Amino acid sequence: MMFRKSMLVISLLITMVAQAHQPDVSTTMLVEKENNTWVLQISASLTAFQQEIRTHFAETPYKTPEEFQQMVITHIKNNLEISFNGGNKITLGKGFVKLGHETKVVFEVVGVPLDMQSVVVKNSAFKDIFKNQSALVLLKNGFNKEHFVLNDANNHTLNLEVQTNKFVEKTDSQAASFPSEYGYFLIAILLASLGVAFVIKKNNAKRISI
């Protein structure tokens, strides 16, 4: 049993490295921390972010990693909407970008209600990438770990409702869930990536050639 678990972990790590180079695959993750505080993390390949920034900021190309990071933050804020209970929209607070082959954007989130009845998530940040799909994972304390997918077929939008201790798609939603084995893989990766403390330091971003 221990051997099988070890092999599973190794397999997940190998797959994670491969996923980091695929521009059409991303993840959108909303996570409850302590005292009803929430963070949002969006992960994708650096290539995917570069393609979107070059498309949407063509008239003002970036010259430094810092400019690129600020454009990424602006692009996410312009293309992501999350609302609860029929209209209460969340606000994205401070955010930072961790550059790498797999690039992560993390935000503090304000406005998530204690009493959740429904949630609508729209993330069109990667809509210009051919056959793009983004895994959506919502991690709320006491809830089942559910996973869904945002793509062209559902206009990058999911309409979910709360049933007891889990999120489920409303019947009029056309989005499909990820296969369970892929979903567990994504959750394992994303939980690991969120192990780093949410500390924002304006001038501490990792410099790489972009």
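Residues numbered from 1 in each chain as written. Predicted model: local features only at pLDDT ≥ 70, side-chain atom pairs only at ≥ 80, totals over all residues. Heavy atoms only, no water.

**Student:** In this structure, what is going on with the side chain of glutamate 146? I would like to understand it.
**Tutor:** Following the sequence through the fold, glutamate 146 ends up in strand E9 (residues 146-151). One buried charged residue, glutamate 146, remains without a salt bridge, the closest side chain of opposite sign being lysine 166 at 5.6 Å. Residues within four places of glutamate 146 in sequence aside, it is in contact with Leu136, Val137, Leu138, Lys166 and Phe167. (Helix = DSSP H or I, 4+ residues; strand = E, 2+ residues; numbered from the N terminus. Buried < 20%, exposed > 50% of the residue type's maximum accessible area, 1.4 Å probe, protein only. Lys, Arg positive; Asp, Glu negative; His and termini not counted. Salt bridge = Lys/Arg side-chain N within 4 Å of Asp/Glu carboxyl O. Contact = heavy atoms within 4.5 Å.)

**Student:** Looking at this structure, I do not really get the pattern of salt bridges. What am I missing?
**Tutor:** It is possible for side chains of opposite charge to pair when their charged atoms get near one another. On inspection of all chains with the given rule, the structure shows 2 salt bridges. Glutamate 32 is paired through a salt bridge with lysine 140; the nearest N and O atoms lie 3.7 Å apart. In this pair, glutamate 32 is assigned in strand E1 (residues 25-32) and lysine 140 in the loop between strand E8 (133-139) and E9, connecting sequence segments 108 residues apart. Residue glutamate 32 shares its accessibility class with lysine 140, and that shared class is buried. Ionic pairing is found between lysine 104 and glutamate 102, a salt bridge with its closest N-O pair at 3.2 Å. Among the residues examined, lysine 104 registers a relative accessible area of 12% and is labelled buried. What makes glutamate 102 partly exposed here is its relative accessible area of 24%.

**Student:** Would you mind showing me how to read the nonpolar core here?
**Tutor:** One broad rule of soluble globular proteins: the nonpolar side chains tend to lie buried together. Leu40, Phe49, Ile76 and Phe167 are the most contacted members of the largest nonpolar core, which totals 42 residues. At 5 residues, helix H3 (residues 65-79) tops the list of elements feeding residues into this core. Excluding its chain neighbours within four sequence positions, the residues that come into contact with phenylalanine 167 are Met116, Val119, Leu138, Lys140, Phe143, Glu146, Phe148, Leu160, Glu161 and Val162. In this structure, Val31, Val39, Val137 and Leu139 belong to the second largest nonpolar core, which totals 5 residues. (Core = buried A, V, L, I, M, F, W, Y, C linked by side-chain atoms within 4.5 Å.)

**Student:** Help me out: how do you make sense of the pairing of strand E5 (residues 91-98) in this one?
**Tutor:** If a strand is regular, its side chains alternate between the two faces of the sheet. Strand direction decides the pairing type here: E5 and strand E6 (residues 102-110), joined by 6 bridges, are antiparallel. Bridge pairing in E6 places leucine 92 opposite valine 109. Taken together, E5 and the strand that follows it, E6, pair antiparallel across an intervening segment of 3 residues. (Pairing = 2+ DSSP bridges.)

**Student:** Quick question: what am I supposed to make of the sheet that holds E8 here?
**Tutor:** Across a sheet, paired strands are connected by hydrogen bonds in the backbone, their directions being either parallel or antiparallel. Pairing within the open sheet is mixed, and its 6 strands lie in the order E5-E6-E2-E1-E8-E9. Each edge of the open sheet is held by one strand with a lone partner, namely E5 and E9. Adjacent strand axes in the sheet meet at a mean angle of 20°, parallel and antiparallel pairs treated alike. Together, strand E2 (38-45) and E6 form the strand contacts of helix H2 (residues 46-56), whose direction differs from that of E2 by roughly 90°. Its contacts with the sheet place H3 against E2, E5 and E6, and it is angled at close to 145° to E5. (Axes fitted to C-alpha atoms, helices over the stretch in contact; angles between N-to-C directions.)

**Student:** Before we go on, may I ask you to explain the packing of aromatic side chains in this structure?
**Tutor:** Geometry of an aromatic ring pair is reported as the spacing of the ring centres plus the angle between the planes. Under the definition given, this model contains 3 aromatic pairs. Their ring planes at 75° and their centres at 5.2 Å tell us that phenylalanine 49 and phenylalanine 126 sit as a pair that is edge-to-face. Remark: phenylalanine 126 occurs in the loop between strand E7 (118-123) and E8 and phenylalanine 49 occurs in helix H2; sequence separation between them is 77 residues. For phenylalanine 49, a relative accessible area of 2% gives the class buried. Both rings, one in tyrosine 62 and one in phenylalanine 68, keep their centres 4.9 Å apart while their planes meet at 65°; by these two values the pair is edge-to-face. Exposure class is identical for tyrosine 62 and phenylalanine 68. Each is buried. (Phe/Tyr/Trp six-rings, centres within 6.5 Å; stacked < 30°, edge-to-face > 60°.)

**Student:** Where do I start with H3 in this structure?
**Tutor:** Note on helix geometry: an α-helix contains 3.6 residues per turn, so any two residues three or four positions apart are oriented the same way. Taking 1.5 Å as the rise per residue, H3 with 15 residues should run 21 Å; its terminal C-alpha atoms sit 21 Å apart, in good agreement. Those residues of H3 that fall on the buried side of the exposure criterion are Pro65, Phe68, Gln69, Met71, Val72, Ile73, His75, Ile76 and Asn79. Those residues of H3 hidden inside the fold are in contact with E2, H2, strand E3 (80-84), E5, E6 and E7. (Expected span 1.5 Å × (residues − 1).)

**Student:** Mind showing me how you'd approach the pairing of strand E11 (residues 166-169) here?
**Tutor:** In the sheet, strand E10 (residues 157-163) pairs with E11 via 4 bridges, with the strands oriented antiparallel. Bridge pairing links leucine 160 to glutamate 169 in E11. Between E10 and E11, which pair antiparallel one after the other, the connecting turn spans 2 residues, and threonine 164 there sits at a positive phi close to 60°.

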